[in-house]
Amino acid sequence: MSKVRKAIIPAAGLGTRFLPATKTVPKEMLTIVDAPIILYVVEEAIKAGIEDIVLIAGRGKHAIEDFFDMSYELEDKLEREGKSQLLARVTKARDAANIISIRQKHALGLGHAVHCGLPIVGKEPFAVLLGDEITMEANGEANVTSQLVKSFEETGTSTISIMKVAEKDVSKYGIAEVEEKSSGFFKVTSLVEKPKPTETTSRWALPGRYVFDNAIMDLLTNAKPSLNGEIQLTDSMKVLCQQKGLNAMTFSADRYDAGDKLGYLQANIELALKNPELSVELKNYILDLAKSLK
Ligand code: UTP
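Rules and cut-offs
- Residues numbered from 1 in each chain as written.
- Predicted model: local features only at pLDDT ≥ 70, side-chain atom pairs only at ≥ 80, totals over all residues.
- Heavy atoms only, no water.
- Helix = DSSP H or I, 4+ residues; strand = E, 2+ residues; numbered from the N terminus.
- Rg over C-alpha atoms; globule rule 2.2 N^0.38 Å.
- Buried < 20%, exposed > 50% of the residue type's maximum accessible area, 1.4 Å probe, protein only.
- Contact = heavy atoms within 4.5 Å.
- Lys, Arg positive; Asp, Glu negative; His and termini not counted.
- Charge placed at Lys NZ, Arg CZ, Asp CG, Glu CD.
- Near = heavy atom within 4 Å.
- Areas by Shrake-Rupley, 256 points an atom, 1.4 Å probe, with all protein chains shown as cover.
- Nonpolar A, V, L, I, M, F, W, Y, C, P; charged D, E, K, R; others polar.
- Patch = residues over 30% accessible without salt bridge, like charges linked within 9 Å, V, L, I, M, F, W, Y side chains within 5 Å.
- Salt bridge = Lys/Arg side-chain N within 4 Å of Asp/Glu carboxyl O.
- Arc of directions from axis to C-beta.
- Pairing = 2+ DSSP bridges.

S.K.: Would you take a moment to explain the overall build of the chain for this structure?
M.R.: When you go through the chain residue by residue, the secondary structure sums to 11 helices and 15 strands. Taken over C-alpha atoms, the radius of gyration comes to 19 Å for the chain, in line with the 19 Å a tight globule of 294 residues would show. Relative to its full complement of 294 residues, the chain shows a buried share of 49%. A fraction of 75% describes how many contacts in the chain between residues 6 or more apart in sequence connect residues 24 or more apart. Of the charged side chains in the chain, 37 are positive and 40 negative; the average position of the first set lies 4 Å away from that of the second.

Take a look at the structure:
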């Protein structure tokens with residue numbers, strides 16, 4: 001069975017939900033505690049055994065490319081002062097995988113962004129991790145991408161993550177219609193992008209982690225724009241599900257939509273509460289604040 005060695009991280013969207021911050025700063029570079037969102041995503045891919053990571057960056061997003069590049073002056077200074085550990089997370093990521101950047105010249109949609117990764121992915125299966133979504137597994141648990149990779153390598157069938165959302169939220173997501181095969185494991189029967197609650201009875205949303213059979217690249221090559229004039233990944237996934245099958249899995253990891261203001265704030269608070277340097281003082285601050293809010 002084919003091993004999953006490549007991942008595409010789309011990070012070329014316009015980030016309009018986070019304006020004005022994202023006018024000049026890519027949303028994937030906004031900070032969660034002390035690292036940009038994209039570093040958490042790259043770390044998830046590396047932990048899942050991915051060797052080649054393709055960052056899909058857009059115009060004005062060179063900060064993402066620069067972040068994973070060498071910074072000779074800074075690194076030399078930190079080295080001389082014995083402070084190299086301050087950059088350890090970045091150098092570790094940079095050393096653990098080939099991080100390659102490809103430009104999406106126009107933000108034509110997620111399907112188009114994924115297709116931009118074709119020159120690196122070639123004929124291999126690949127993972128997709130949205131560049132503005134963070135998942136954080138409990139200690140010792142396999143992360144979401146690792147679980148999808150394992151499922152693909154065991155079954156040979158594309159596998160995506162799904163999560164239950166409230167009826168009022170289905171219109172914010174790609175939604176999968178599914179049949180349960182075993183606890184937490186499903187066969188996808190259809191997909192619909194950002195439906196009205198009346199257009200589907202399913203509450204299973206796609207939170208942005210996928211592992212695909214390479215056949216999706218051929219489908220994306222021929223894909224046409226649909227909803228909002230964009231090339232939607234879900235349209236090609238729908239055909240993939242009919243032609244080659246598509247599985248879905250639930251997950252127990254915490255997941256944050258860090259490209260959304262509320263999700264971003266929640267990620268900062270919850271990850272800071274897990275950070276040994278900050279947890280005690282932040283917890284006391286939140287408890288005091290909560291009292292004053294009553
Ligand atoms: P989103 O729909 O959340 O990103 O896409 P967006 O379009 O930047 O967001 P808003 O709604 O305007 O605030 C999910 C991921 O896919 C990437 C985004 O950068 C984000 O990480 N994306 C989206 C692309 O790379 N290219 C696109 O054309 C669209």
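S.K.: It is not clear to me how the site of the ligand should be interpreted in this structure. Could you clarify?
M.R.: Around the ligand there are 19 residues in total, and A12, G13, T16, E28 and Q104 lie nearest to it. Within the complex, the protein chains bury 84% of what would otherwise be the 570 Å² of accessible surface of the ligand. Those elements giving two or more residues to the shell around the ligand turn out to be β1 (6-11) and α5 (110-115). Of the residues assigned to the shell around the ligand, the class counts are nine nonpolar, six polar and four charged.

S.K.: Looking at this structure, how should I read a nonpolar patch on the surface?
M.R.: A surface patch of nonpolar side chains, amounting to about 330 Å² of accessible area, comprises Y285, L289 and L293. Structurally, L293 can be placed in helix α11 (residues 279-293). You can call L293 exposed: its relative accessible area is 66%.

S.K.: I'm lost on helix α4 (residues 88-96) in this one. Help?
M.R.: Owing to its 3.6 residues per turn, the α-helix brings residues three or four apart onto one side. The set of residues buried in α4 consists of V90, A93 and R94. Taken down its axis, α4 places every buried residue within 100 degrees of arc, on the same side. In this structure, α4 carries K92 and D95 as exposed residues pointing more than 90 degrees from its buried face. The elements touched by buried residues of α4 are α1 (37-47), α2 (62-67), α3 (72-80) and β5 (98-103).

S.K.: How do you make sense of the sheet that holds strand β12 (residues 204-205) when you look at a structure like this?
M.R.: Working definition: the strands of a sheet are paired by backbone hydrogen bonds and lie parallel or antiparallel to each other. Strand order in the open sheet formed by 11 strands is β5-β4-β1-β6-β13-β8-β14-β11-β10-β12-β9, and the pairing between neighbours is mixed. Each edge of the open sheet is held by one strand with a lone partner, namely β5 and β9 (163-164). Of the strand pairs in this sheet, strand β10 (residues 174-182) and strand β11 (residues 185-193) are connected by eight bridges, and their pairing is antiparallel. Paired with G174 across the strands is E193, a residue of β11.

S.K.: Sorry if this is basic, but what is going on with the pattern of salt bridges here?
M.R.: Any two side chains of opposite charge can pair, so long as their charged atoms come close to each other. Under the defined criterion, the tally for this structure stands at 25 salt bridges. One salt bridge in this structure joins R89 and D34, with 3.6 Å as the shortest N-O distance. On the criterion of sequence distance, the pair formed by R89 in helix α4 and D34 in the loop between β2 (31-32) and β3 (35-36) is long-range, its members being 55 residues apart. We classify R89 as partly exposed; its relative accessible area is 33%. As a salt-bridge pair, E133 and R255 come within 2.7 Å of each other at their nearest N and O atoms. Of this pair, E133 sits in strand β7 (residues 133-136) while R255 sits in strand β15 (residues 254-257), placing them 122 residues apart in sequence. Classification of E133 as buried rests on a relative accessible area of 6%. Look at R255 and you get buried, because its relative accessible area is 18%. Each of R17, K27, D132 and D257 takes part in one network of salt bridges that share partners.

No statement about biological role is implied by the geometric values presented.
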